[in-house]
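# Understanding the architecture of this molecule
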Amino acid sequence: MPSGQQSQPDPAARLLGERLRRLRLQRGLTLSEAAVTIRASAAKISRLERAATQPKARDVRDLAAFYGAGREELAEIEYLLSQSSNGAWYTQYSDVTPDFLKRLISLEQGAERIIMYEALVVPGLLQTRDYARAVISAALPMDAENERRVALRLDRQRILRQPDRPVLTALLDEGVLHRPRGGRRVMRRQLEQLLALGQVPGTNIRIVEFVHSGDVSPPYPITHLRLRDGRPTEVVYVESIGSATYLTRPEETERYRLVLNRLMERAASRKRTEELLRRAIEKYQ
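For the structure given in this document, a descriptive report is provided here. Being a predicted model, the structure only gives us computed values, none of them experimental.

## Some remarks on the pairing of strand 1 (residues 111–118)
- With six of eight residues buried, strand 1 is to be regarded as a mostly interior element.
- Where strand 1 lies against strand 4 (residues 222–227), six bridges are found, and the strand directions are antiparallel. Counted as the bridge partner of Ile115 is His224 from strand 4.
- As defined by bridge partners, strand 1 adjoins strand 2 (residues 167–173) across six bridges and the pair is classed as parallel. Residue pairing for strand 2: Arg113 is matched across the bridge by Val167.

## As for the packing of aromatic side chains
- In total, this model carries two aromatic pairs according to the counting rule given.
- Taking the centre distance of 6.1 Å and the plane angle of 45 degrees together, the rings of Phe66 and Tyr67 count as tilted.
- Of the residues examined, Tyr67 reaches a relative accessible area of 3% and is grouped as buried.
- The lysine or arginine in question, Arg27, covers the ring of Phe66, its NZ or CZ lying 5.5 Å from the ring centre.

## Overview of the sheet that holds strand 2
- Spatial strand order, 3-2-1-4-5-6: six strands in an open sheet with mixed pairing. Where the open sheet ends on each side, the last strands, each with one partner, are strand 3 (203–208) and strand 6 (243–247). Neighbouring strand axes in the sheet, compared pairwise and without regard to direction, differ in orientation by 15 degrees on average.
- Judged from the five bridges that link them, strand 4 and strand 5 (residues 234–240) form a sheet pairing that is antiparallel. Residue pairing in the sheet places Leu225 in a bridge with Val235 of strand 5.

## Considerations on the side chain of Gln157
- Along the chain, Gln157 turns up in the loop between helix 8 (146–156) and strand 2.
- A polar atom in the side chain of Gln157 sits 2.8 Å from the backbone oxygen of Gln127.
- In this view, Gln157 contacts Gly124, Leu125, Leu126 and Gln127; residues no more than four positions away in its chain are not counted.

## A look at the pattern of salt bridges
- This structure, assessed with the given rule, holds 22 salt bridges.
- For Asp62, the salt bridge is made with Arg58, and the minimal N-O distance between the two is 3.9 Å. Taken together, the residues Asp62 and Arg58, both in helix 4 (residues 57–66) and four residues apart, mark about one turn of the helix.
- Given the relative accessible area of 29%, Asp62 is considered partly exposed.
- A relative accessible area of 61% places Arg58 in the exposed class.
- Between Glu209 and Arg272 there is a salt bridge, with its nearest N and O atoms 2.9 Å apart.

## A few points about the nonpolar core
- Judged by nonpolar contacts, the single largest core of 63 residues is most densely connected at Ile114, Leu126, Tyr131, Leu191, Leu194 and Leu225.
- Setting aside anything within four residues of it in sequence, one finds Ile114 in contact with Glu108, Leu125, Ile159, Pro166, Val167, Leu168, Thr169, Thr223, His224 and Leu225.
- Ile115, Tyr117, Leu171 and Ala267 belong to the second-largest nonpolar core, a separate cluster that totals 15 residues.

## Here's the deal with the environment of Leu48
- Position of Leu48 among the secondary structure elements: in helix 3 (residues 42–49).
- Along the primary structure Leu48 and Arg158 are separated by 110 residues, whereas in three dimensions their C-alpha atoms are 31 Å apart.
- Setting aside anything within four residues of it in sequence, one finds Leu48 in contact with Gly17, Leu20, Thr53, Pro55, Val60 and Leu63.

## Overview of the pairing of strand 5
- Burial of strand 5 is extensive: five of the seven residues sit out of reach of the surface.
- Pairing between strand 5 and strand 6: five bridges, direction antiparallel. Counted as the bridge partner of Ser240 is Ser243 from strand 6.
- Linking two consecutive strands that pair antiparallel, namely strand 5 and strand 6, is a turn of two residues; a positive phi of about 80 degrees is found at Gly242 within it.

## A few points about empty space enclosed by the protein
- Counting across every chain of the model gives one cavity of 30 Å³ or more.
- Roughly 60 Å³ of internal volume is contained in the largest cavity.
- Breaking the lining of the largest cavity down by element, the ones donating at least two residues are helix 9 (184–197), strand 3 and helix 12 (270–283).
- Ranked by residues supplied to the lining of the largest cavity, first place goes to helix 12 with four residues.
- Class assignment of the residues belonging to the lining of the largest cavity gives a composition of four nonpolar, three polar and three charged.

Rules and cut-offs
Residues numbered from 1 in each chain as written. Predicted model: local features only at pLDDT ≥ 70, side-chain atom pairs only at ≥ 80, totals over all residues. Heavy atoms only, no water. Buried < 20%, exposed > 50% of the residue type's maximum accessible area, 1.4 Å probe, protein only. Helix = DSSP H or I, 4+ residues; strand = E, 2+ residues; numbered from the N terminus. Pairing = 2+ DSSP bridges. Phe/Tyr/Trp six-rings, centres within 6.5 Å; stacked < 30°, edge-to-face > 60°. Lys NZ or Arg CZ within 6 Å of the ring centre and 35° of its normal. Axes fitted to C-alpha atoms, helices over the stretch in contact; angles between N-to-C directions. Polar contact = N/O pair within 3.5 Å; in protein donor to acceptor, adjacent residues only side chain to side chain. Contact = heavy atoms within 4.5 Å. Salt bridge = Lys/Arg side-chain N within 4 Å of Asp/Glu carboxyl O. Core = buried A, V, L, I, M, F, W, Y, C linked by side-chain atoms within 4.5 Å. 1 Å grid on protein atoms, 1.4 Å probe; cavity = no way out; pocket = protein on both sides within 12 Å on 5 of 7 lines; lining within 4 Å. Points joined across faces, edges and corners; volume = space filled by probe spheres on them. Nonpolar A, V, L, I, M, F, W, Y, C, P; charged D, E, K, R; others polar.

Right under this line is the structure:
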């Protein structure tokens, strides 16, 4: 690592620190008051909340108990604790992965269900190599690290091949089909892949047609994750240019779940989606 360059905190450790900080503030406790519980200093609690130090399981559990964490919160903390203590495959791409995306990739590993909406591009979990390269190059032209970003995007798709893969629903605005990326050949192969993936058990691809999208389509992508084994029940990921927002409070996730439910109600059926994909493929012949 070059001199002066600091390693970025593990995304799971950062989420763990944020959860502990939220619990502490909900109790109205200062750093010093929390530190007494684990016979440490306020500075150590601060480092733990900022993911500036490796979390120790005993300290984390003692703090969670002291803060009065509920059953679901304890399950989430245990999950994040286990994730932060294990090396992950995606750490090899840390130099080309922004922190907000690291969090999403970490959460994808423990998801039992993922629902996503995209208005501009095919979601990264469903992209072909050439399509991914075209999308990334459009945002970062002439960047020497783009091939590593493409490799990361394809590696993320491993969760769809694992035995405990999540159930995936992708809601795509019809405009995605008619917005060519990388040329006709690249676009045709990408749409052919979507058509094939739609036949795979556990993958549900639906097109939101123009005629139905005006009243229900938000102007930004949304990803909703339900995590398994009692971990934080739901997480909503809303991405913008250069950043993203993570929402876990029930009143927040409910609002976005309603948006996705309305999109699902207006989306084309499986048969109609296949028809739309085939028509678009013919267009790029």
